2 protein chains.
Amino acid sequence: MATIKEVAKLAGVSVATVSRVLNDSGYVGAESRKKVEQAIEELEFYPNEVARSLFQKKSKLIGLLLPDIANPFFPLLAKGAEDAVNQLGYSLILGNVQDDVEKEEEYLKIFEQNNIAGVLSAVQGSSKRLKNIPLVNLDRVESFEQYAVHTNDYQGGMLAAQAMADRDPKQVVIMVGPKEVPGSFERLAGSIQIFKERDIAYHLFQTTSFRLEDTDETVELFFKEHPNADSVVASNDVYALAIMREAVKRGINIPDELQIIGYDDMPFSRLTYPGLSTIAQPAYEIGYKGAQLLCNCIENKPVKTKRIQLPVELVLRESLREKVEHE
Amino acid sequence: MATIKEVAKLAGVSVATVSRVLNDSGYVGAESRKKVEQAIEELEFYPNEVARSLFQKKSKLIGLLLPDIANPFFPLLAKGAEDAVNQLGYSLILGNVQDDVEKEEEYLKIFEQNNIAGVLSAVQGSSKRLKNIPLVNLDRVESFEQYAVHTNDYQGGMLAAQAMADRDPKQVVIMVGPKEVPGSFERLAGSIQIFKERDIAYHLFQTTSFRLEDTDETVELFFKEHPNADSVVASNDVYALAIMREAVKRGINIPDELQIIGYDDMPFSRLTYPGLSTIAQPAYEIGYKGAQLLCNCIENKPVKTKRIQLPVELVLRESLREKVEHE
DNA sequence: TTGAAAGCGATACCAG
DNA sequence: CTGGTATCGCTTTCAA
């Protein structure tokens, strides 16, 4: 890899001049510019970002903190972030935290050691360590966080409950997401409001994780506790699918005997039959907009909205019964 | 963030000494060491990796090139890579290539600009640009590539066909993966060998991508071309699930009227009912072992096996009929 | 309009 | 054992 020195030599100018054309900053004569450009071409030179980063105390790298990349919600978010970041000249360092606070700390440290320009975080509490590094929180957002892209969980909870309430539910069970996950509570509150309004009774079923590995156990427990459930508002698509599978296996007809609605709209939720009705979260867009927001912060561009809220949307597939019109 | 200079000052020694205790290289007196350690603690100092990288011309970053992170096979692979890499003191820069050659080139350049220590690549042809940077190919491996972790596609193709052949197939259709994807051919060859041996007729159905977005179209085409298929050897789980969904939707009983086997064993393949029988590829392990191999290359440690082949495994779920014992 | 030179934060050689 | 110093590749004053 050629260096700026070699370019300077070949072009017969100083490194300062080369640097100037590279960043087109300051004055540089037409003559010199041309010679430098030729030299750059000839040597296939491209600047070393490490040296730049050392000087600037700021790299072109952005840290991406994910709770669990195996959870299919996050790859999509990552893809969105990646697309945006790339268009803006940055790259992502991946931090897969596995819901482990120590790993998070570790990553934040690594990020700092690498002069990271900013952090995109879909895990809670990253704001503690970071001092002067821009941070945008994604998806799981606490109310005190300054920059964030998230969805309206309350509305999501309402939408799910509404869809259910419209379909003549007998025995409603609401699955409640882990307490640590911001948004779980909001969703629940939204759902409860609807059921209260409609005067529909419901049971709660608390889940303690969103991890794929824990589904079997959770589903078993679910059917033990609620053998007569006929309408389930699930905390996410993974659990919804898992419950559907178990139901079909037991010969319970979906949606006639058991109707269910998920949350997230993962790519797979439409690959089953009956297809899973669900509340679609724009995972890709969360990542994309979050990355844009972060880059604006990094570059001190004016930011209109510090907290972006994206809409969620009801997606109807076959796991819900026909809507019953009440007079 | 404190620097080595400040540590040196506080400890009353030179930066050289601080550097020595940091890397414990060379001699350093007990007295000095202690003072330095105290200073480090007091200032909460940790070395700037960028400066290190500039000097060493080699960072602690590893590039990970993925064809499409939204394809659920790859997050698992990434997770494996991430786990291994992290244990060994490295971090990952994510490169999501979207099956686009230009983006790949672009990433390879960015990697170089960042003094990347090595590259893990699940896309084809990365070896061209890289000069002196260690490269380990993952999963989609060409025969000429030096370092690689992959599975035995031929065996996989055989296993799938065998499972099918054992189950009294009437109208067999083999879905053939994209020609550009190394392994597609091998799998096909493996399957064909079995069907030939058993004297079972089969049809071929060519697919042109592995992308999630293209399933609907492909499935439609599939049913148009092969309305009477009763046994499908699918090129991956996504297509298998998509075909299953369409079949169930059409009232075709799985597995009695249509049996099907997938390839990959994605996390979701067990969340449907009937569950998808499939050939399990150890995605996590491919990433994990690949990362270990790469780190060994990077650190010039002796490498026993340059090309690691991991076994695939038949996973039986409900999408295949009962095995028929022939006398 | 240009170049010389001083850093950015760490490492490693060489002399003492 | 320890410290001074050149160096990594680039950016940015400051003078000329």
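On a predicted model such as this, the values are computed, not experimentally measured, just so you know.

Cut-offs applied
- Per chain, the residues get numbers from 1 upward, laid out in the order the sequence is written.
- Throughout, the order in which chains and ligands are written sets their labels, letters from A for the former and numbers from 1 for the latter.
- Thresholds applied to this predicted model are a pLDDT of at least 70 for local features of residues and 80 or more for the giving and counting of side-chain atom pairs; totals over whole chains, interfaces and linings are not thresholded and use all residues.
- To get the side-chain values, take all heavy atoms of the structure and skip hydrogens and water.
- UniProt positions are given in the numbering used here, feature names are shortened, and annotations may be inferred rather than shown by experiment.
- Helix and strand definitions here come from DSSP, where helices need a minimum of 4 consecutive H or I residues and strands a minimum of 2 consecutive E residues; each element is numbered from the N-terminal end.
- By convention in this text, a residue qualifies as near a molecule or strand provided that one of its non-hydrogen atoms is within 4 Å of it.
- Polar contacts, as used here, are pairs of N or O atoms within 3.5 Å; protein pairs need one atom able to donate a hydrogen and one able to accept it. Residues neighboring in sequence count only if both atoms are side-chain atoms.
- Note on residue classes: Ala, Val, Leu, Ile, Met, Phe, Trp, Tyr, Cys and Pro are nonpolar, Asp, Glu, Lys and Arg are charged, and everything else, Gly too, is polar.
- Salt bridges are defined as contacts in which a side-chain nitrogen from Lys or Arg sits within 4 Å of a carboxyl oxygen from Asp or Glu.
- Buried residues are those whose accessible area, probed at 1.4 Å on protein chains only, stays under 20% of the maximum for their type, while exposed residues exceed 50% and partly exposed ones sit between those limits.
- Two cysteine sulfurs form a disulfide in these notes if their separation is within 2.5 Å.
- Note on terminology: a nonpolar core comprises buried Ala, Val, Leu, Ile, Met, Phe, Trp, Tyr and Cys residues joined through side-chain atoms within 4.5 Å.
- Throughout, a contact is declared for two residues whenever any of their heavy atoms are within 4.5 Å.
- Of all possible arcs, the one meant is that of the directions from the helix axis to the C-beta atoms.
- Each copy is superposed on the other by least squares, with the fit set by C-alpha atoms of residues at a pLDDT of at least 70 in both.
- By definition, two strands form a pair when at least two bridges between them are found by DSSP.
- Helix axes use the C-alpha atoms of the stretch in contact, all axes being lines fitted to C-alpha atoms, and the angles between their N-to-C directions lie in the range 0 to 180 degrees.

Peer 1: An account of the UniProt feature "domain: HTH merR-type" (unreviewed entry) in chain A is needed here, citing residue identities and associated values.
Peer 2: Taken from the UniProt record, the annotation "domain: HTH merR-type" (unreviewed entry) applies to residues 1-18 of chain A. Structurally, residues 1-18 of chain A comprises 67% helix and 0% strand, and the distance from its first C-alpha atom to its last is 16 Å.

Peer 1: An account of the protein's contact with DNA strand C is requested, with residue identities and associated values reported.
Peer 2: In the region of DNA strand C, 26 residues are neighbours, and Arg-20, Gly-29, Ser-32 and Lys-57 of chain A together with Ile-4 of chain B sit closest. Within the backbone of Gly-29 of chain A, an N or O atom sits 2.3 Å from a phosphate oxygen of DNA strand C. Residue Ser-32 of chain A places a side-chain N or O atom 2.2 Å away from a phosphate oxygen belonging to DNA strand C. Classifying every residue of the surface near DNA strand C by side-chain character gives 13 nonpolar, 9 polar and 4 charged.

Peer 1: Residue-level account of the UniProt feature "domain: HTH lacI-type" (unreviewed entry) in chain A, with values.
Peer 2: Mapped onto this numbering, the UniProt entry annotates "domain: HTH lacI-type" (unreviewed entry) at residues 2-56 of chain A. Along residues 2-56 of chain A, the helical share is 69% and the strand share 0%, with 21 Å between the first and last C-alpha atoms.

Peer 1: If you had to explain the pattern of salt bridges to someone new, which residues and values would you point to?
Peer 2: One pass over the full model with this rule turns up 32 salt bridges over all chains. A salt bridge links Asp-83 of chain A to Lys-103 of chain B; its shortest N-O distance comes to 3.7 Å. Of this pair, Asp-83 of chain A sits in helix H5 (residues 73-87) while Lys-103 of chain B is found in helix H6 (residues 101-113), placing the two residues in two different chains. With relative accessibility at 15%, the residue Asp-83 of chain A sits in the buried group. One salt bridge in this structure joins Arg-321 of chain A and Asp-230 of chain A, with 2.8 Å as the shortest N-O distance. With Arg-321 of chain A in the segment after strand S12 (313-315) and Asp-230 of chain A in the loop between helix H9 (215-225) and strand S8 (231-233), the pair connects residues that are 91 residues apart, well separated along the chain. Under the relative-accessibility criterion, Arg-321 of chain A is labelled buried at 14%. With relative accessibility at 8%, the residue Asp-230 of chain A sits in the buried group. Via salt bridges that share partners, Glu-82 and Asp-83 of chain A together with Lys-103 of chain B belong to a single interconnected network.

Peer 1: Lay out the state of the cysteines in plain terms, naming residues and giving numbers.
Peer 2: Residue and element names in this part refer to chain B. Taken as a whole, this structure holds 0 disulfides over all chains when the rule is applied. Cysteine Cys-295 is unpaired, with the sulfur of Cys-297 as its nearest cysteine sulfur at 9.1 Å. We classify Cys-295 as buried; its relative accessible area is 2%.

Peer 1: Quick one: what's the story with the nonpolar core, residue by residue and with numbers?
Peer 2: Residues Ile-62, Leu-66 and Leu-120 of chain A together with Ile-62, Leu-66 and Leu-120 of chain B are the most contacted members of the largest nonpolar core, which totals 64 residues. Setting aside chain neighbours within four positions, we find Leu-120 of chain A in contact with Ile-62, Gly-63, Leu-64, Leu-65, Ala-81, Val-136, Leu-138, Gly-290, Ala-291 and Leu-294 of chain A. Val-238 of chain A together with Val-181, Val-219 and Ala-242 of chain B belong to the second largest nonpolar core, which has 54 residues in total.

Peer 1: Pulling in residues and values, what's your account of helix H1 (residues 4-11) of chain A?
Peer 2: Two residues of an α-helix separated by three or four positions point the same way, owing to the 3.6 residues in each turn. All names here are of chain A. Here H1 has its buried residues at Val-7, Ala-8 and Ala-11. The buried residues of H1 occupy one face: seen down the axis, they fall within an arc of 100°. Residues Lys-5 and Lys-9 are exposed on H1 and point more than 90 degrees away from its buried face. Here the buried face of H1 lies against helix H2 (15-22) and helix H3 (30-43). The positive-phi residue at the C-terminal boundary of H1 is Gly-12, with phi of around 70°.

Peer 1: Tell me what's going on with the relation of the copies chain B and chain A, and back it up with residues and numbers.
Peer 2: Each copy superposes on the other: chain B lies on chain A with an RMSD of 0.1 Å after a rotation of 180° and an axial shift of 0.1 Å. Considering both components of the superposition, the chain copies are consistent with a two-fold axis. Relative to the rotation axis, the C-alpha of Ile-93 of chain B is the closest in chain B, positioned 2.3 Å from it.

Peer 1: Kindly report on the pairing of strand S10 (residues 277-280) of chain A, identifying the contributing residues and their values.
Peer 2: All names here are of chain A. Looking at chain direction, strand S9 (residues 259-264) and S10 are connected through 4 bridges and run parallel. Bridge pairing links Asp-264 to Ala-280 in S10. In the sheet, S10 pairs with S12 via 3 bridges, with the strands oriented antiparallel. For Ala-280, the partnering residue across the bridge sits in S12 and is Glu-313.

Peer 1: I'd love a proper account of the sheet that holds strand S4 (residues 135-138) of chain A, names of residues and values included.
Peer 2: One open sheet holds the 12 strands; their spatial order is S11(A)-S5(A)-S4(A)-S3(A)-S1(A)-S2(A)-S2(B)-S1(B)-S3(B)-S4(B)-S5(B)-S11(B), and the pairing between them is mixed. The sheet is open, and its two edges are formed by strand S11 (307-310) of chain A together with strand S11 (307-310) of chain B, each paired on a single side. Between one strand axis and the next, the sheet turns by 20° as a mean value, whatever way the strands run. Inspection of the sheet shows strand S3 (residues 118-121) of chain A paired to S4 of chain A by 3 bridges, in the parallel sense.

Peer 1: Help me get a handle on the protein's contact with DNA strand D, residues and values and all.
Peer 2: In the region of DNA strand D, 27 residues are neighbours, and Ile-4 of chain A together with Arg-20, Gly-29, Ser-32 and Lys-57 of chain B sit closest. Backbone atoms, meaning sugar and phosphate, form 64% of the atoms of DNA strand D found within 4 Å of the protein. In the model, a base oxygen of DNA strand D is placed 3.4 Å from a nitrogen or oxygen of the Phe-55 of chain B main chain. Its residues assigned to classes, the surface near DNA strand D comprises 14 nonpolar, 9 polar and 4 charged.

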